[in-house]
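Architecture at a glance
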Amino acid sequence: PEAITVQELANRMAEKGADLVKALFKMGNPVTVNQTIDQDTAELLVTEFGHNILRVSDSDVEIDTASDVDAPETLQARAPVVTIMGHVDHGKTSLLDALRGTDVVSGESGGITQHIGAYQVKTKGGEIITFLDTPGHEAFSEMRARGANITDIVILVVAADDGLMPQTIEAINHTKAAGVPMIVAINKVDKDSANPQRVRERLLEHEVVVEGMGGDVQDVEVSALKKIGLDDLIEKILLQAELLELTANPDRAAEGTVIEAKLDKGRGPVATVLVGRGTLRVGDTFVVGAESGKVRAMVNDKGQNIKEAGPSSPVEVLGLSGVPGAGDQMSVVENEARAREVAAYRAEQATKKRTTAAPTNFESMFSALS
Ligand code: GDP
Ligand code: MG
């Protein structure tokens, strides 16, 4: 569009509308905040306020990550990102804890682990695996609906005594919909009542055919409690990861996805971000959802302050203007004006959506979620 309202331009520059009106008045152009000005006047104002020239067209404001493809020669291997799903009480948390206990790094340093929504394990062979704390099925599908497909591999936990339960089936469906490969961890095999074979048979009914049944889905018997089968599970994750040939360009402006975010009393807004590509560094200017900021500090899952985080690394980021939402995209941009421009644009779009697109019935509410 060739015209923009004064208020809209002010939003994008993160300036007050009244200040723009004042400047326009001085330039011999008396208008109100709701009046439109032409592109030339807008560009003049932007320079007047010491910002970079804005692209006035909407489509130019948003960051286009999809068409920003990394050249093949820039790609390097990256760690797999693994999510554990399954029915309540089947042992997801126990398995995550047990797997975390296999980390050779925290074993060495005796480091204090910290809950940041994700963690990395370094295996005996030196490979890195990133685990996401089980986000819950709703969060998983919501993130997927927002285009945040951050999981490479799903581990489906099924308790060998309980067998397939409603949330197991839900997890299977979510995983299939996401097109993510699955590894079945048949847990609690230490129990007398355990019947792993029964689990494999029941999985057939949901078109999950494990290797022992002639299919190509890997399965492994584990006990999170007795620490049985953990090495085997890790091996299968690495094998699956190898097949996926996971890569990313570490040498570019960082992009990532918010896993969780909160307002911390002492530290202000804090977001755990999983870096997708590029390397995030302290001092980087970014936009995340409708918030912007500058990386003030980064903390890893071992509670250590770090200066940079590459692809597949989960990291707590400090220095945000506000609390973003889970699934929001973070992008490092060239300067603060650009960050504020995009954040303001997104905030404006979100407001528009809220006021115009209220679901009218249950059906549309559900279709908006799925
Ligand atoms: P979640 O709800 O899927 O996260 O399940 P939890 O990890 O909280 O485990 C639920 C219960 O099952 C807890 O009482 C665990 O101690 C128990 N549990 C988890 N894994 C095992 C296992 O391998 N063997 C046995 N016997 N109990 C387990
Ligand atoms: Mg749990």
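The written sequence of each chain sets the order in which its residues are numbered from 1. Whichever chain is written first becomes A and whichever ligand is written first becomes 1, with later ones labelled in order. Residues qualify for local features only when their pLDDT is at least 70, as the model is predicted, and side-chain atom pairs are given and counted only at 80 or more; totals for whole chains, interfaces and linings, by contrast, use all residues. The side-chain numbers reported here are obtained from all heavy atoms of the structure, hydrogens and water having been left aside.

The name recorded for the chain in an unreviewed UniProt entry is Translation initiation factor IF-2, from Sphingobium subterraneum.

1. So, the overall build of the chain
The test is simple: Secondary structure elements follow DSSP: runs of H or I no shorter than four residues count as helices, runs of E no shorter than two count as strands, and numbering proceeds from the N terminus. Think of it in three bands: with a 1.4 Å probe and only protein chains considered, a residue is buried below 20% of the maximum accessible area for its type, exposed above 50%, and partly exposed in between. Here, two residues are considered to be in contact whenever any of their heavy atoms come within 4.5 Å of each other. In short, Shrake-Rupley with a 1.4 Å probe defines the accessible areas, and a residue's cover is counted only from the protein chains shown.
Across its full length, the chain holds 12 helices and 19 strands. The burial tally for the chain puts 46% of its 370 residues in the buried class. For the chain, long-range pairs separated by at least 24 residues make up 72% of all intrachain contacts whose partners lie at least 6 apart in sequence. About 18,100 Å² of surface is accessible on the chain, with carbon and sulfur atoms providing 50% of the total.

2. Quick look at the packing of aromatic side chains
Each aromatic ring pair is characterised by the separation of its centres together with the angle its planes make. Our working rule: The aromatic pairing rule takes the rings of Phe, Tyr and Trp, using the six-membered ring of Trp, and pairs them if the centres are within 6.5 Å, calling planes under 30 degrees apart stacked, those over 60 edge-to-face and the rest tilted. For a lysine, the NZ atom is tested; for an arginine, the CZ atom; a charge sits over a ring if that atom is within 6 Å of the ring centre and within 35 degrees of the ring normal.
Applying the stated criterion to the full structure yields one aromatic pair. Measuring from centroid to centroid gives 5.7 Å for tyrosine 119 and phenylalanine 131, while their planes differ by 35°, and the two rings are tilted. Taken together, the positions of tyrosine 119 in strand 5 (residues 118–122) and phenylalanine 131 in strand 6 (residues 128–132) put the pair 12 residues apart, joining distant regions of the chain. Assessed through its relative accessible area of 2%, tyrosine 119 is described here as buried. According to the relative accessible area criterion, phenylalanine 131 is buried, its value standing at 0%. Between the NZ or CZ atom of arginine 100 and the centre of the ring of tyrosine 119, over which it lies, the distance is 4.4 Å.

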